[in-house]
Structures are given as C-alpha cells and as structure tokens.
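So you can see what is in the structure, the chains are spelled out below.
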Amino acid sequence: MNPVWWIDAFTETRFGGNPCAVVFDADAIPVEERIAFTKETGLVECAFVVSSDKADFGARYYMPTGEIPLAGHPTVATVTALIAAGRVAAPSAFTLEVGAGVMPIEVKARPGRPALVTMTQPAPVFGRSYDPAAIAALYGLKEIDVAGTPRTVSTGSAFLVTRLGSLGALRAARLDPAALEAFKAAEDADFMEPFLCVTKGATADGETFARLLLPPPFPPEDPFTGSATGCMAALLFSEGLIGRRFTAEQGHDMGRPGRASVEVLGAASAIEGVKVGGSGVVVMKGEVDFSAPAVI
C-alpha cells in the first residue's frame, strides 16, 4: 500500500487552486499504472515521489496522456505533502529532481498560514512565434483580441504564451479541441498547449490573469498552471510588459482561485530562471493499493 495525499495547490484554502494527488514511495510503480491512476482520479496531473541520486527527493509527474517533465502545481503539492508527512521541515531548502532536471526548492514558514513553497524553474528557452489570427481562431476570438505575437516558451515544459488585450477576451475564449489538434499537426507545433494571459489581475491583488483551456481527455480547464506561469513571466519580462516580481492569478472564474508569487531572475535579455511560489493545503490522505492486477 502506498500513502497518497490529496493536495490543493496555489491556494491557502481547501477547494481552491489546483488539486493534485501525491503518491509516496512510488519507485516500484510501473509507468503504465501511474498513468492509469492519474486517469482514475480525473485530475490534470498526479505526482509520484521517487528516490533520486541527484537530489534530496525525486518526483515524476503524469497527465492522462503520459509524463510531463515539469509541472508547477504538482511541485507545490508534492512539497506540501512532504511537509504534512513530516519528511520536510518548514523552513527549509532542498533539491527536487523532476523529469526536466533538478530544481531548488525553498520552504518558508508563515505562522497561522500554510507554508510558502517556491521552486526555481530553469532559464527559459524561447521557441517559435505564431500568427495571432490563427491562434485567436482556435478560441473563437478575433485577431484584434490578441496583443503582441504568441510565442512558445519553455522553463521545463513548453507552452505557447498568448497575451490577450482584455479580460473580456480572456473570459470569452472557448477552445475548439479539433481545431487545436489539426493546427498542431499542420504546424508541427513546438508547444503542448496555448496559455492565454492578460497583464491585469482577476482581483486587485494580481498583476496577471491567465487561463489554460484543455482538450480531452483532460478536464476542460486547468485551475492553476505553475509551469506555464513561469513561461509567461519570462516572456512578459523579456518584452518589458511586467516587473521582475509580481502576483499571478488563475482559476477565479472556475470557483477555484489560485495565486502565485513570481520573480524573474537575471536581466530581461538574459533570464537565468524564474521563481514561482505558492501554498498548498491538505484535503485528504489515505492509501492506494498497487499490488493487485490492474486493467491497463
């Protein structure tokens, strides 16, 4: 039996932010069963804590379609679960090996509040740019709704960061999954999904607001996407559209408000990494039995 913790990440309140199941002691669990477990939960991603010979801890993250090299809310969820299980102290600093490599992790204790978990994502890799009109059409929007040029950015996982000109356009976006699939195939796309954002918060506390709309077999929308937030921060900072430190918001219109503290490291022309920090809260804990035969 493997311990499993259900964590809401990038929130200080249960049933906010983005949920993630974190399975401990997962080295012996086959990849196929990790993916099957993720499908069973109905979540966008699940985390599996494994051993590491490169870092203090290891974790692997899975979507219903396979492994993702770096994911933000599973990282916050994993560290929150490690704290809750007494395997990590608050405050502390340590390293976590994920599919994309080793990330520095900082845990800050906050009396009366959940600990703040901050990951340092790698230096961004900037990819291809795409036609604003073509991306707008995937969401039932017009070219005029897109501000600037959509561009692929990766800080471990690649997203097409697409800045829109207004909160109204962001809220009106509706993904056409078939059109997205066809577009990615035709363009031999270098990104996983477009990440829509505006340089205005959902609340007075935020400086950006974003949405990640997803095709099947995923849930229709991701409540908070920490890896894409790092990509967004890198692009906006490099273009002089956001300050070095800011608060990112996502999920508010889904009834699952999430928030991250973001800091871009280095110069705008030579970004060295992106710190993305958030809290997590325990919703439930238990055990999962991987010893019985599974139908894959």
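Refer to the preceding data block for the structure.
The structure presented is a predicted model; accordingly, all values stated were derived computationally and were not measured.

(A) Region of the structure containing helix α6 (residues 226-238). Its 13 residues place the ends of α6 18 Å apart at the C-alpha level, agreeing with the 18 Å of an ideal helix rising 1.5 Å per residue. By the criterion of burial, α6 is predominantly enclosed, with 12 of the 13 residues buried. Within α6, the full set of buried residues consists of G226, S227, A228, T229, G230, C231, M232, A233, A234, L235, L236 and F237. G240 lies just past α6 and shows a positive phi near 70°.

(B) Looking closely at the nonpolar core. Core analysis: the biggest nonpolar cluster contains 59 residues, and F10, V22, Y61, I105 and M232 have the highest contact counts within it. Looking at this core element by element, the count peaks at 8 residues for α6. The contact partners of M232, leaving out residues within four places of it in the chain, are V161, F195, C197, T208, F246 and A248. One finds V146, L160, L175 and F191 within the second-largest nonpolar core, a separate group that totals 21 residues.

(C) Representation of the environment of F209. Here F209 lies in strand β13 (residues 208-213). Residue F209 is classed as buried on the basis of its relative accessible area, which comes to 1%. When the C-alpha positions of F209 and A71 are compared, they lie 18 Å apart, and in sequence the two are 138 residues distant.

(D) Local environment of the pattern of salt bridges. Evaluated as defined, the whole model comprises 13 salt bridges. Note that E12 and R113 form a salt bridge whose closest N and O atoms lie 2.5 Å from each other. Placement of the pair is E12 in the loop between β1 (2-9) and β2 (18-23) and R113 in strand β8 (residues 113-121), with a sequence separation of 101 residues. For E12, a relative accessible area of 37% translates into the label partly exposed. Since its relative accessible area comes to 43%, R113 is described here as partly exposed. Across the pair R87 and D25 runs a salt bridge, and its minimum N-O distance is 3.2 Å. Within this pair, whereas R87 is found in the loop between α2 (72-84) and β6 (92-98), its partner D25 is found in the loop between β2 and α1 (31-41), the two being separated by 62 residues in sequence. With relative accessibility at 37%, the residue R87 sits in the partly exposed group.

(E) Just the side chain of N18, in detail. Summarising the element assignment, N18 is placed in strand β2. Exposure remark for N18: the relative accessible area of 2% places this residue in the buried category. Here D222 takes part through its side chain, which lies 2.7 Å from a polar atom of the side chain of N18. Among the polar contacts made by the side chain of N18, one reaches the main-chain carbonyl oxygen of F224 at a distance of 2.7 Å. Excluding anything up to four places from it in sequence, N18 contacts I7, D8, A9, H73, D222, P223 and F224.

The rules we used
- Residues numbered from 1 in each chain as written.
- Predicted model: local features only at pLDDT ≥ 70, side-chain atom pairs only at ≥ 80, totals over all residues.
- Heavy atoms only, no water.
- Helix = DSSP H or I, 4+ residues; strand = E, 2+ residues; numbered from the N terminus.
- Expected span 1.5 Å × (residues − 1).
- Buried < 20%, exposed > 50% of the residue type's maximum accessible area, 1.4 Å probe, protein only.
- Core = buried A, V, L, I, M, F, W, Y, C linked by side-chain atoms within 4.5 Å.
- Contact = heavy atoms within 4.5 Å.
- Salt bridge = Lys/Arg side-chain N within 4 Å of Asp/Glu carboxyl O.
- Polar contact = N/O pair within 3.5 Å; in protein donor to acceptor, adjacent residues only side chain to side chain.

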